[in-house]
Amino acid sequence: DVFHARNTANRAIRRRVQHAAEMGSLEDIDVTVSRLNSPETPRRELGIFGEVKAFGPDGICADGDEYGTLNLTQPYEPLRKPTQFYPDTDGVTRVTLKYEPIQYHGPSYSNIIRAWNNEVPGPTIHLQEGGRLELELINCHRRPDGAHGELWHNDYAVPNTTNIHTHGPHISGESPGDNIFINVGPENKTTYKYEFDRNHLPGTFWYHPHKHGSVALQVAQGAAGMMIINDNDVYPLPDDIKDMEEIQMVVQHMNLERLRESSAVSLDNITYWREDSLLDHDPFKVTNITTDLTNFMLVNMQFLPKVTMKLGKWYRWRMVMSSVLESVAFHPGSDACEMKLLAKDSIYLSDAPRDISMVILSPGNRADVAVRCNSLGLQYMNVSEDSASLYPELGNFDGNFNPGKDQYDPLVVPGQEPPPVEHLMGSFSDPNAQPTLLV
């Protein structure tokens, strides 16, 4: 009861601060002015690994507002493969991630988003059992850092402070490893060192920011990347699966209203995601280049990307669901393509390959799926709402959506041109159709 009362009181004060910021009258609220400038990030004496250090951005980060550009406005473009990092000969994978603003041009709006190394999703990091990951994280964002402190402890806050969490591996949660309590503030950097046991299972994992208060804002803008612990030579896996050509997919949910809420509450100084923003230079623009939707699924941050596969050949789709909240189910738009589940959440199934008609993904889930198409032409991989009505015998998935339905079953005609996007896309929250991938 005491916690509930305190949290309710703090929420009321936060709303006062937010309103005062929007009205330009923060100086009238003395109790909160001192909380709007970010505190110094505490340093940790852990040698080269695990210590958070301040740095001068000159020579390390882009100058001023010279952001990189990511143009992903068009549908039906070939699916982009993320940059790949592999272990060196000593078994150590060495990665540097610069976390910085970039100019994003999407299917219906443009804005500044936060990303690693000017790319979304982040690079795919390959690891080996018994090896190590040395990851240098450089935060190129600048102060001020928006809302912070006890008042915002359980709300959106510190939009420019970040860290890294590796999602799924069985490793230490202490520094210099996977410590989610490290705060890498603006113009600070740190180096993580993750040790992987020799008996660590192979599989598909992912990594993302995990700073309490800014996770939703940062991940919802695309800050997520795949990690793969490679199948070793002695692991009892058939060669047909080991040698299967892979396609990497990071599924991202972009919801404009949630981005607006998280930016406004956290007093984000970069963007409020509104054309009528009261920020001096809010870069957000509604473009509607491809669609007027503002709530949709992306694959590798692309809108309706295209995957080209050879007739009758099996491919291994490695899939990561980096959505903040929503759950979905992928299913083919026709019976021309078949799917077999190999692994879920980095664990190979005892009965793999298992015949499936759809892949159910909730936030943080991973799935390794063998896919083969047996007819020439265009196939659509659709997204259905996650619901117990899809597979009632499995029980309630406790998803965010209400019970859904199959949404699109296109006529497959060899050589058929893709239909106009406006004929395909419905609202994701109440869809008539929601194809997400063109095969």
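What you are looking at is a predicted structure, and each value in this text was computed from that prediction instead of being measured.

1. Some remarks on the nonpolar core
Then step 1. Formed by 28 residues in total, the largest nonpolar core has its most connected members in Met249, Met309, Trp317 and Phe330.
Then step 2. Looking at this core, the elements with two or more residues in it are strand 12 (245–255), strand 14 (295–299), strand 15 (315–321), strand 16 (328–332), strand 17 (337–344), strand 20 (359–361), strand 21 (366–373) and strand 22 (380–385).
Then step 3. Those residues in contact with Met249 that sit more than four places away from it in its chain are Leu79, Met226, Val299, Asn300, Val307, Trp317, Arg318, Met319, Val320 and Leu437.
Then step 4. Formed by 24 residues, the second largest nonpolar core is a distinct cluster that contains Tyr109, Ile113, Leu256 and Trp273.

2. Focus on the confidence of the model for the protein chain
Regions with low pLDDT should not have their predicted coordinates read in detail.
Then step 1. Mean pLDDT for the protein chain: 80, with 76% of residues reaching 70 or above.
Then step 2. Overall, residues 386–413 carries pLDDT values under 50, and its contacts beyond four positions in sequence, including any with other chains, amount to 65 contacts.
Then step 3. Within the model, pLDDT remains below 50 along residues 422–433, and this stretch shows 37 contacts once partners closer than five positions in the same chain are excluded.

3. Brief notes about the side chain of Gln84
Then step 1. With respect to the secondary-structure elements, Gln84 resides in strand 3 (residues 84–85).
Then step 2. Of the polar contacts made by the side chain of Gln84, one reaches the side chain of His126; its length is 2.6 Å.
Then step 3. Of note is the side chain of Gln84, whose polar atom sits 3.0 Å from the side chain of Gln248.

4. Re the pairing of strand 7 (residues 132–139)
Then step 1. Burial analysis of strand 7 places six of its eight residues in the buried class, which makes it a mostly covered element.
Then step 2. Two strands pair when backbone bridges link them, and strand 4 (residues 92–105) and strand 7 are joined in this way by eight bridges, in the parallel orientation. In the strand pairing of strand 7, Thr93 is matched with Leu133.
Then step 3. As paired elements, strand 7 and strand 9 (residues 188–195) share eight bridges and run antiparallel to each other. Following the sheet pairing, Leu133 is matched in strand 9 by Tyr194.

5. Re the packing of aromatic side chains
Then step 1. According to the stated counting rule, one finds eight aromatic pairs in the structure shown.
Then step 2. Judged by centre distance (5.6 Å) and plane angle (10°), the ring pair of Tyr192 and Tyr194 falls under stacked. No difference in accessibility class separates Tyr192 from Tyr194, as the two residues are buried.
Then step 3. Among the aromatic residues, those joined into a ring-pair cluster are Tyr109, Trp273, Phe284, Phe296 and Phe303.

6. Notes on the pattern of salt bridges
It is possible for side chains bearing opposite charge to pair when their charged atoms get close.
Then step 1. This structure, assessed with the given rule, holds 15 salt bridges.
Then step 2. Residues Arg316 and Asp231 are paired through a salt bridge, measuring 3.2 Å at the closest nitrogen-oxygen approach. Of the two residues, Arg316 sits in strand 15 while Asp231 sits in the loop between strand 11 (225–229) and helix 4 (239–242), which places them 85 residues apart along the sequence.
Then step 3. Residue classification places Arg316 among the buried residues on the basis of a relative accessible area of 1%.
Then step 4. Residue Lys313 is joined to Glu245 by a salt bridge in which the shortest nitrogen-to-oxygen separation is 2.7 Å. Of the two residues, Lys313 is situated in the loop between strand 14 and strand 15 and Glu245 in strand 12; the sequence distance between them amounts to 68 residues.
Then step 5. Each of the salt bridges in this network shares a partner with another, and the network as a whole consists of Asp88, Asp90, Arg94, Arg132 and Glu134.

7. Notes on the state of the cysteines
Then step 1. For the structure on display, the rule yields two disulfides.
Then step 2. Disulfide pairing is shown between Cys61 and Cys140; the S-S distance is 2.0 Å. The sign of the -80° torsion about the S-S bond sets the Cys61-Cys140 disulfide as left-handed. Taken together, the residues Cys61 in the loop between strand 1 (53–54) and strand 2 (68–71) and Cys140 in the loop between strand 7 and strand 8 (165–167) connect sequence positions 79 residues apart.

8. Focus on the pairing of strand 16
Then step 1. The buried fraction of strand 16 is high, at five of five residues.
Then step 2. Along strand 16, one buried face is formed by Val328, Phe330 and Pro332 and the opposite face, lined by Ala329 and His331, is buried too.

9. Focus on the environment of Met297
Then step 1. Secondary-structure assignment places Met297 in strand 14.
Then step 2. As for Met297 and Asn255, which are separated by 42 residues in sequence, their C-alpha atoms are 8.8 Å apart.

10. Some remarks on the environment of His170
Then step 1. Counting through the fold element by element, His170 comes out in the loop between strand 8 and strand 9.
Then step 2. Spatially, the C-alpha atom of His170 lies 9.5 Å from that of Glu195, the residues being 25 residues apart in sequence.

11. So, unusual backbone geometry
Then step 1. Cis peptide bonds are those with omega within 30 degrees of zero, and the linkage from Val120 to Pro121 qualifies with -5°.
Then step 2. Note on placement: Pro121 falls in the loop between strand 5 (109–116) and strand 6 (124–127).
Then step 3. Cis peptide bonds are those with omega within 30 degrees of zero, and the linkage from Ala352 to Pro353 qualifies with 0°.
Then step 4. Counting through the fold element by element, Pro353 comes out in the loop between strand 18 (347–348) and strand 19 (354–356).
Then step 5. Phi at Asn118 takes a positive value of approximately 60°, unusual for a residue other than glycine.
Then step 6. For Asn118, a relative accessible area of 35% gives the class partly exposed.
Then step 7. Positive phi, close to 35°, is recorded for Val158, a residue that is not glycine.
Then step 8. Summarising the element assignment, Val158 is placed in the loop between strand 7 and strand 8.

12. Focus on the sheet that holds strand 10 (residues 203–208)
Hydrogen bonds between backbone atoms are what pair the strands of a sheet, whose relative direction is either parallel or antiparallel.
Then step 1. The strand order across the open sheet built from five strands is 3-6-11-10-8, with neighbouring strands paired in mixed fashion. Every other strand in the sheet has two partners, leaving strand 3 and strand 8 as the edge strands with one partner each.
Then step 2. Bridge count for strand 10 against strand 11 is five bridges, and the pairing is antiparallel. Of the residues in strand 11, the one forming a bridge with Gly203 is Ile229.

Reading the values: rules and limits
Within each chain, residue numbers correspond to sequence positions counted from 1 in written order. This being a predicted model, a pLDDT of at least 70 is required before a residue's local features are given, and a value of 80 or more before pairs of side-chain atoms are given or counted; all residues contribute to the totals for chains, interfaces and linings. Values reported for side chains reflect all heavy atoms of the structure, with hydrogen atoms and water molecules removed beforehand. Here, nonpolar core means buried Ala, Val, Leu, Ile, Met, Phe, Trp, Tyr and Cys residues that are tied together by side-chain atoms lying within 4.5 Å of each other. Between buried and exposed lies partly exposed: a residue is buried under 20% and exposed over 50% of the maximum accessible area for its type, with that area taken using a 1.4 Å probe on protein chains only. Note on conventions: DSSP H or I runs of at least 4 residues are helices, E runs of at least 2 residues are strands, and numbering of each starts at the N terminus. Contacts are residue-level and defined by heavy atoms, with any inter-residue pair within 4.5 Å sufficient. Confidence of the predictor in every single residue is expressed as pLDDT, which spans 0 to 100. N or O atoms closer than or at 3.5 Å make up a polar contact, with two conditions inside protein: a donor-capable atom paired with an acceptor-capable one, and, for residues adjacent in sequence, both atoms drawn from side chains. Two strands pair if DSSP finds at least two bridges between them. Only centres within 6.5 Å qualify two rings of Phe, Tyr or Trp (six-membered ring in Trp) as a pair; their planes then separate them into stacked at under 30 degrees, edge-to-face at over 60, and tilted for everything else. Definition used for salt bridges: Asp or Glu carboxyl oxygen within 4 Å of a side-chain nitrogen of Lys or Arg. Here, the term disulfide refers to a pair of cysteine sulfur atoms separated by no more than 2.5 Å.

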